[in-house]
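The primary structure of each chain is shown beneath.
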Amino acid sequence: MSGARFAASFAALGALLLRHRLAGLGALVLLVVAALAAAAPLLPLPNPDLTDLANRLQRPGAPGHPLGTDHLGRDLLARLVWGTRLSLAVGVFASLIAALAGSCIGIAAGFFGGRTDNLLMRGIDMLMAFPYILLALAIVAALGPGLLNALYAVAIVNIPFFARSVRGATAAIAHREFVDAARLAGMRNWRIIGGEILPNVAPVITIAMSTTIGWMILETAGLSFLGLGSQPPQADLGSMLGEGRNLLINAPHVSVVPGAMIFVVVVSINLLGDGVRDWLDPRLRAGQLSRPAAVTRIERADAGAAHRPDGALLQVRGLRTRFVSAGARTQYAVNGVDLTVDAGQCLGLIGESGSGKSVTALSLLGLAPSPPAVIGGGRVYLAGEDLLAADFERLRAIRGRRVAYIFQNPMAALHPLMTVGAQLTEAIRCHRRMPRQAALDEALGLLRQVRMPGAAARARQYPHELSGGMRQRVGIALALANAPELVIADEPTTALDVTVQAQILQLLAQLRRERNLALIFVTHDFAVLSQLCDRVAVMYAGRIVESGPTHDILARPAHPYTAGLIRCAPRLGGGRRPAAIPGLPPAADRLPRGCAFAPRCARRREACEAGKVASTRLSAARRVRCLYPLEAA
Amino acid sequence: MRYCLKRLMAVVPVLLGLTVIVFSMLAFLPGDPATAILGPYATPDNVERLNRQLGLDKPPAQQYLIWLGNILQGDFGRSYSLNRPVLDEVLERFSATLVLAGAALLLCTLWGILIGVRCAVAQYGWSDRLLTLAAVAGISVPSFWLGLLAILAFSVHLRWLPASGMFAVYGGGGAADLVRHLILPALTLSVVATGVIARLTRSAMLEVLRQDFVCAARARGIGERRVIYRHAFKAALVTIIPVIGVQAGFVLGGAVYVETVFQWPGVGRMLVQAISTRDIQLVQGGVVVVAASYVLFNLLADLAQHALDPKIKT
Ligand code: SF4
């Protein structure tokens, strides 16, 4: 509720409101227009077809004719209202027909699959092979001009759109448990479709309708404009426009006014449709389609308070990162984390998924995606310089040059459409200006250093042509491209096979020794960590609960959570993984007041839940955040 | 290469199906063409003779095969209303449409992508809101109305550009004259597709910008400009290109309205006239040629996408 939180969500919220306000506006306009059209027979309007040649081509504002008259002296306002009525009716009916026919085809294809599917969808593809309006023209040519035929033509042309999206939605649920259960229960196909499938694909049909109804009104009006739709004396907006076209120069209002009406109606429908889609599409609703900025949003509440950095390479003090999104509770992912890494040292950051370890790692260089992430406090000192206070260009000069990342999933972290060599040379040249060829030579050298077999050939390949292990070698080569002082590896082996995991770990250990690299190794696995790291920081619910030398903590864990994690780790050299720690970590949007581990802790006493548990010094090198640790100070 | 061949092979049944649809739709109209040609006072004798001449007394399947054989040899029959071979007329008209639609397609691709990328980069900024709104207006505007407004503004009042035709009637000709006549219709025709492409580009870019490889590129210290215009855009283009292919169909079809408004001598206007005069041979020929070329254009778009995305392998 604080001002900062509100400001953080302001942009997204504003956009949401704006869109909904526009949707509301569209709905309002549409409602008014539809009400007028529906009430046309009741309105005090002259007969729209009453000709009065004495008063032809009156300008708008003429007495008795607010919008003027046309070439036969007919009242334009009356014609506009009646024409709108006709156009709306035709558009709505066309869209209903298309929705009905398209949904039937789509559900049949998706539900029965196999032959039926194949046959129906081939037919649909055939229809889609025609340019949109051309098909409508051909159908009108076959049926003959006329409003009803134009309606059919436009409806038929739109069937493929419905059929495709409904088929997709149906196929996605046709083999889910509840449908299978209904089948096993001996339910008839049509009852399954009516009872189980239809309610589930209804939103898809609604979305498709909201997308197409505007088009359909446009297209039927267009056919009428061409003289292929409504025939005189019947007139919809399109044919009014078509008739008035010849008078464009002398009496522009006769054609401009009905066109403006079509435009207003279709814009309103489309604005409303966008709103409906936002509302029905869960991804859009959650605001997940917002673009992450180049740097995490930083709003430090403790901006004044400074710590004095010591000589460590990296020093993190009181780092806080939260996720703020409109309409959801704020998630406190990182809640005051302290870390220290000396030059050449390897720190293991361990915790279950959701403990905030990855967010911590990304926050160090402002890479946590915002929105929704906001860094709410703390300091990140790299050799004494506060990175959270650095401007973007300064930060960019450090990213990849002095501090580099290795990501968990190398397939996702590599650009799918760029060759390995291109990505490596780009990484090199964005920090050090050099000719392309020199960079390529260096890139090949890097690939050899990460023991990539056949480096030169691999450099010409795309990520999807490599194996998982090779991709991660590329990921490592990319991280090493500019000889950084610190590498942050976020679960670099989790996505790999066990044997490949061991090779990659070995490679990392080797490179670290050769280059005297400092390393932050994020993992959930003590077995992996113990091979590589000098020191460990154990993370739980966004806080460091224990830290110290690896061997010391492995031998004598002090925090009950650490002890649990060690017990869970698969023994090196085989053996089954023992039971995990019972229970789940607390949700990041409702953290308990006291010790966050209390609900799962066997040693819990009353004091644990009473208030914040501070981190205490256990020995010169060790700290723990627990009131009743397993190891006493 | 293998992929190209496979795609080419896949086009053949589509083209065949297309001719079946066109033929069957137009061959069995209510009311027979002979009466349409000879008028209501024709004697049954004459009607029958003409039917035999047109081959309408044979079974439908045979009629289709004969017709297909003919069009494969480039014989689309004669247009009775224009009294000239259908193919000549269609090709002449279609080339005018291609000029118009091609110009419009270029315009909408260019502007649509520029606007969409701009929106995605400035998401929720004022320019994004304004342009997003403009895109909604763009997809909602009836092009036949917009064309009239353009004529009113630029031809009638400002007198900057000609209102109709492809060349000036007197002393016309030449590329400069064509361009002067092309500007208004091409702009009018491109508006709707620009809106569609802009909206799609915006969402495709937003989708891509959230992906890991963008974050990874930033983590490597690559400049923001390059991240957006090289990394993200390249990936987004894979979803944008097929939509451009689809838009080509809308532009080709939407040309009907613009041609009518601007009296452009294109195939769309020809079709409308042919439909009004029930000149079936001409309608068939026009629809087949335009639809077939659209299929081929989509094939090209598909191959372009394939060249861009090495992941699609046969
Ligand atoms: S503070 Fe209490 S509840 Fe928390 S870990 Fe220690 S003993 Fe368990």
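Please read all numbers here as calculations on a predicted model, not as lab measurements.

Calculation criteria
Residues numbered from 1 in each chain as written. Chains lettered and ligands numbered in written order. Predicted model: local features only at pLDDT ≥ 70, side-chain atom pairs only at ≥ 80, totals over all residues. Heavy atoms only, no water. Helix = DSSP H or I, 4+ residues; strand = E, 2+ residues; numbered from the N terminus. Buried < 20%, exposed > 50% of the residue type's maximum accessible area, 1.4 Å probe, protein only. Contact = heavy atoms within 4.5 Å. Lys, Arg positive; Asp, Glu negative; His and termini not counted. Charge placed at Lys NZ, Arg CZ, Asp CG, Glu CD. Areas by Shrake-Rupley, 256 points an atom, 1.4 Å probe, with all protein chains shown as cover. 1 Å grid on protein atoms, 1.4 Å probe; cavity = no way out; pocket = protein on both sides within 12 Å on 5 of 7 lines; lining within 4 Å. Points joined across faces, edges and corners; volume = space filled by probe spheres on them. Nonpolar A, V, L, I, M, F, W, Y, C, P; charged D, E, K, R; others polar. Near = heavy atom within 4 Å. Phe/Tyr/Trp six-rings, centres within 6.5 Å; stacked < 30°, edge-to-face > 60°. Lys NZ or Arg CZ within 6 Å of the ring centre and 35° of its normal. Polar contact = N/O pair within 3.5 Å; in protein donor to acceptor, adjacent residues only side chain to side chain. Salt bridge = Lys/Arg side-chain N within 4 Å of Asp/Glu carboxyl O. Patch = residues over 30% accessible without salt bridge, like charges linked within 9 Å, V, L, I, M, F, W, Y side chains within 5 Å. Pairing = 2+ DSSP bridges. Expected span 1.5 Å × (residues − 1). Bend = angle between axes of the 7 residues up to and from the residue.

Caption draft 1: Spatial organisation of the overall build of chain A. Scanning chain A from terminus to terminus reveals 22 helices and 13 strands. Considering only C-alpha atoms, chain A reaches an extent of 105 × 65 × 55 Å along its principal axes. In chain A, which comprises 633 residues, the proportion classed as buried is 52%. Sequence separation of 24 or more characterises 68% of the internal contacts of chain A that already satisfy a separation of 6 or more. Between the averaged position of the 66 positive side-chain charges in chain A and that of its 42 negative side-chain charges there is a distance of 4 Å.

Caption draft 2: The arrangement of the overall build of chain B in detail. Broken down by element type, chain B carries twelve helices and two strands. Each helix and strand of chain B, ordered N terminal to C terminal, gives the series α-α-α-α-β-β-α-α-α-α-α-α-α-α. Considering only contacts in chain B between residues 6 or more positions apart, those separated by 24 or more positions represent 74%. Accessible surface, chain B: about 14,200 Å² in total, of which carbon and sulfur atoms supply 66%.

Caption draft 3: Structural view of empty space enclosed by the protein. According to the stated counting rule, one finds seven cavities of 30 Å³ or more in the structure shown. Of the voids in this model, the largest cavity is the one considered here, and its volume is about 140 Å³. Taken together, 17 residues line the largest cavity, and the ones lying closest to its centre are A:Y405, A:F407, A:G475, A:L478 and B:R220. Per-element tally for the lining of the largest cavity: the top contributor is helix α17 (residues 468-480) of chain A, with five residues. Split into classes, the residues belonging to the lining of the largest cavity amount to eleven nonpolar, four polar and two charged.

Caption draft 4: Here's a closer look at the site of the ligand. As a structural note, the neighbourhood of the ligand is formed by A:H559, A:P560, A:C595, A:F597, A:A598, A:C601, A:R603, A:R604, A:C608, A:C626, A:L627 and A:Y628. A per-class count over the shell around the ligand returns nine nonpolar, one polar and two charged.

Caption draft 5: Inspection of the packing of aromatic side chains at higher detail. Under the criterion given, the structure shown has 15 aromatic pairs over all chains. Each ring, one from B:Y64 and one from B:W67, has its centre 6.3 Å from the other, and the planes form 45°; the classification is tilted. With B:Y64 and B:W67 both in helix α4 (residues 60-72), this residue pair falls three residues apart, about one helical turn. No difference in accessibility class separates B:Y64 from B:W67, as the two residues are buried. In this structure an aromatic cluster arises from ring pairing among A:F161, A:F162, A:W215 and B:F250. Here the guanidinium or amino end of A:R605 rests over the ring plane of A:Y628, the centre of that ring lying 3.9 Å away.

Caption draft 6: Highlighting the side chain of B:T260. The topology assignment puts B:T260 in helix α10 (residues 224-262). Judged by its relative accessible area of 11%, B:T260 falls in the buried class. Within polar-contact distance, the side chain of B:T260 engages the backbone oxygen of B:V256 at 2.7 Å. Setting aside anything within four residues of it in sequence, one finds B:T260 in contact with A:F225, A:L226, A:R245 and B:R269.

Caption draft 7: Inspection of the pattern of salt bridges at higher detail. The full count for this structure, using the stated rule, is 27 salt bridges over all chains. With a shortest N-O distance of 3.3 Å, A:R74 and A:E243 are connected by a salt bridge. Of this pair, A:R74 sits in the loop between α1 (3-38) and α2 (76-112) while A:E243 sits in helix α8 (residues 237-244), placing them 169 residues apart in sequence. Exposure remark for A:R74: the relative accessible area of 7% places this residue in the buried category. Of the residues examined, A:E243 reaches a relative accessible area of 27% and is grouped as partly exposed. Note that B:E92 and B:R84 form a salt bridge whose closest N and O atoms lie 3.3 Å from each other.

Caption draft 8: How the structure looks around a nonpolar patch on the surface. Residue and element names in this part refer to chain A. There is a patch of nonpolar side chains on the surface, built from I97, L143, L148, Y152 and I156 and spanning about 410 Å² of accessible area. Sort the elements by how many residues they give to the nonpolar patch and helix α5 (residues 147-173) lands first, with three residues. Locating Y152 in the fold gives a position in helix α5. Owing to a relative accessible area of 37%, Y152 belongs among the partly exposed residues under this scheme.

Caption draft 9: Main features of the pairing of strand β7 (residues 403-406) of chain A. Residue and element names in this part refer to chain A. Side chains V403 and Y405 project from β7 onto one buried face, and the interleaved A404 and I406 project onto a second face that is buried too. In this sheet, strand β8 (residues 486-490) lies alongside β7 in parallel orientation, the contact comprising four bridges. Each residue of the ladder has a partner; that of A404, found in β8, is V487.

Caption draft 10: Broad picture of the environment of A:G144. One can find A:G144 in the loop between α4 (132-143) and α5. Relative accessible area serves as the criterion here: at 7%, A:G144 is assigned to the buried category. Put simply, A:G144 and A:N118 are 26 residues apart on the chain and 32 Å apart in space, counted from C-alpha to C-alpha. Beyond its immediate stretch of four places on either side in the chain, A:G144 contacts A:N149 and B:R278.

Caption draft 11: Looking closely at helix α8 (residues 175-209) of chain B. Compared with the 51 Å implied by 1.5 Å per residue over 35 residues, the 42 Å span of α8(B) between its first and last C-alpha is markedly short. At B:L182, α8(B) shows its largest bend, some 40°, and a proline, B:P185, comes one to four positions later.

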